[in-house]
Amino acid sequence: MRFSNRTAIITGAGGGLGKAYAKAILSEGGNVVIAEFDDVKGKSTEKEFKENGWNVLFVHCDVSKEEDVINTVNKTLETFGNIDILINNAQCTNDVHATVENTSIEMVKRCWETGFLGAFMFEKYCLPHMKKNQYGRIVNIASATGALGQEGFSAYGSNKEAMRGLTRITAVEYGAYGITCNSITPNAFTEPAQIWAEANPEQYKAICSTLILKRMGDLDKDIAPIVAFLASEDSRYVTAQTIGADGMIRY
């Protein structure tokens, strides 16, 4: 199995895409730490995965708080002994689309603290252990909202572009230690997306019509396998890249 004796920290893995990433790694023999802010989701997902016989640990974590990040890293080392993979997935999304002048400073802080800052802190505290072991795989979840400059996403999109910048810099600084760092821009048919599509069928059809594959991605079949590849030894010669897991050509 690709992830035997490998341990991954996945932020925001209590549900949605994070849960799909965790499932992909656990199903191939890996250990996973669910770093999740929502205790109900985190405990429920941990219970579900343990019932499958998988090695998983839930740790309450607000990624915007340095003490929570440090605690998660320490709990991971205490339980599994090493940190091989880091998937920075957690992110508070901006529910209100607004132009720059109509975006509140509070929303900007919220997006950046739960996105870029959380990812930066997890990298900061995981990298010394990866460096020591001369091995590491980091995957940062970015977004086309920033890469394409989508209107109304000034807080969220700019934060996600910073994630891509962090990805490239990390790859350059730590490549000599056997550590790779990549990002993806997923276009997934998540539960919120499904609810929105049911309420807005015509708009959903219009969006899908712009995609080369004419559909949004399945979490487990389309998106998670790409993250699993980047988190595995199979991607040993891929670094500093952004993969468009989105069903269309973006770059």
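Worth saying up front: this structure is predicted, and the values here are computed from it rather than measured.

Draft legend 1. Structural detail: the environment of Thr-93. Tracing the sequence through the fold places Thr-93 in the loop between strand S4 (85-88) and helix H4 (105-133). Each C-alpha atom, one on Thr-93 and one on Tyr-21, is 19 Å from the other, the two residues being 72 residues apart in sequence.

Draft legend 2. Spatial organisation of the pattern of salt bridges. All told, the structure shown has 10 salt bridges when counted by the stated rule. Here Arg-2 and Glu-28 are joined by a salt bridge, their closest N and O atoms 2.8 Å apart. A residue pair is termed long-range when its members are at least 10 positions apart, and Arg-2 in the segment before strand S1 (7-11) and Glu-28 in the loop between helix H1 (16-26) and strand S2 (31-36) qualify at 26 residues. What makes Arg-2 partly exposed here is its relative accessible area of 30%.

Draft legend 3. Representation of the sheet that holds strand S5 (residues 136-141) within the structure. Spatially, S3-S2-S1-S4-S5-S6-S7 is the arrangement adopted by the seven strands of the open sheet, whose pairing is parallel. Either end of the sheet is taken by a strand with one partner, and the two such strands are strand S3 (56-60) and strand S7 (242-243). By the bridge criterion, six bridges tie S5 to strand S6 (residues 179-184) in an arrangement that is parallel. In the strand pairing of S6, Ile-141 is matched with Ile-184.

Draft legend 4. Local environment of the nonpolar core. Counting 30 residues, the largest nonpolar core has Ile-10, Tyr-21, Ile-25, Val-32, Ile-87 and Ile-184 as its most contacted members. Of all the secondary-structure elements, those providing two or more residues to this core are S1, H1, S2, S3, S4, S5 and helix H9 (219-231). With sequence-adjacent residues up to four places away left out, Ile-87 is seen in contact with Ile-9, Ile-10, Thr-11, Tyr-21, Ile-25, Val-139, Ile-141 and Val-227. Ile-9, Leu-57, Ile-83 and Cys-126 belong to the second largest nonpolar core, which has 21 residues in total.

Draft legend 5. Geometry of the environment of Ala-171. The residue Ala-171 is located in helix H6 (residues 154-174) in this model. Spatially, the C-alpha atom of Ala-171 lies 6.1 Å from that of Thr-239, the residues being 68 residues apart in sequence. The contacts of Ala-171, once residues within four sequence positions are left out, are Cys-181, Thr-239 and Ala-240.

Draft legend 6. Region of the structure containing the packing of aromatic side chains. In total, this model carries six aromatic pairs according to the counting rule given. Where Phe-189 meets Tyr-204, the ring centres are 5.2 Å apart and the plane angle is 20°; that geometry is what we call stacked. Placement of the pair is Phe-189 in the loop between S6 and helix H7 (191-199) and Tyr-204 in helix H8 (residues 201-209), with a sequence separation of 15 residues. Judged by its relative accessible area of 18%, Tyr-204 is buried. Feature note: the residues Trp-112, Phe-116 and Phe-120 constitute an aromatic cluster, connected by ring pairs. Above the face of the Tyr-135 ring, Arg-6 is positioned so that its terminal group lies 3.7 Å from the ring centre. Positioned above the aromatic ring of Tyr-125, the side-chain terminus of Lys-124 is 5.6 Å from the ring centre.

Cut-off values and rules
- Residues numbered from 1 in each chain as written.
- Predicted model: local features only at pLDDT ≥ 70, side-chain atom pairs only at ≥ 80, totals over all residues.
- Heavy atoms only, no water.
- Helix = DSSP H or I, 4+ residues; strand = E, 2+ residues; numbered from the N terminus.
- Salt bridge = Lys/Arg side-chain N within 4 Å of Asp/Glu carboxyl O.
- Buried < 20%, exposed > 50% of the residue type's maximum accessible area, 1.4 Å probe, protein only.
- Pairing = 2+ DSSP bridges.
- Core = buried A, V, L, I, M, F, W, Y, C linked by side-chain atoms within 4.5 Å.
- Contact = heavy atoms within 4.5 Å.
- Phe/Tyr/Trp six-rings, centres within 6.5 Å; stacked < 30°, edge-to-face > 60°.
- Lys NZ or Arg CZ within 6 Å of the ring centre and 35° of its normal.

Such coordinate-based values are descriptive only and should not be taken to indicate function.
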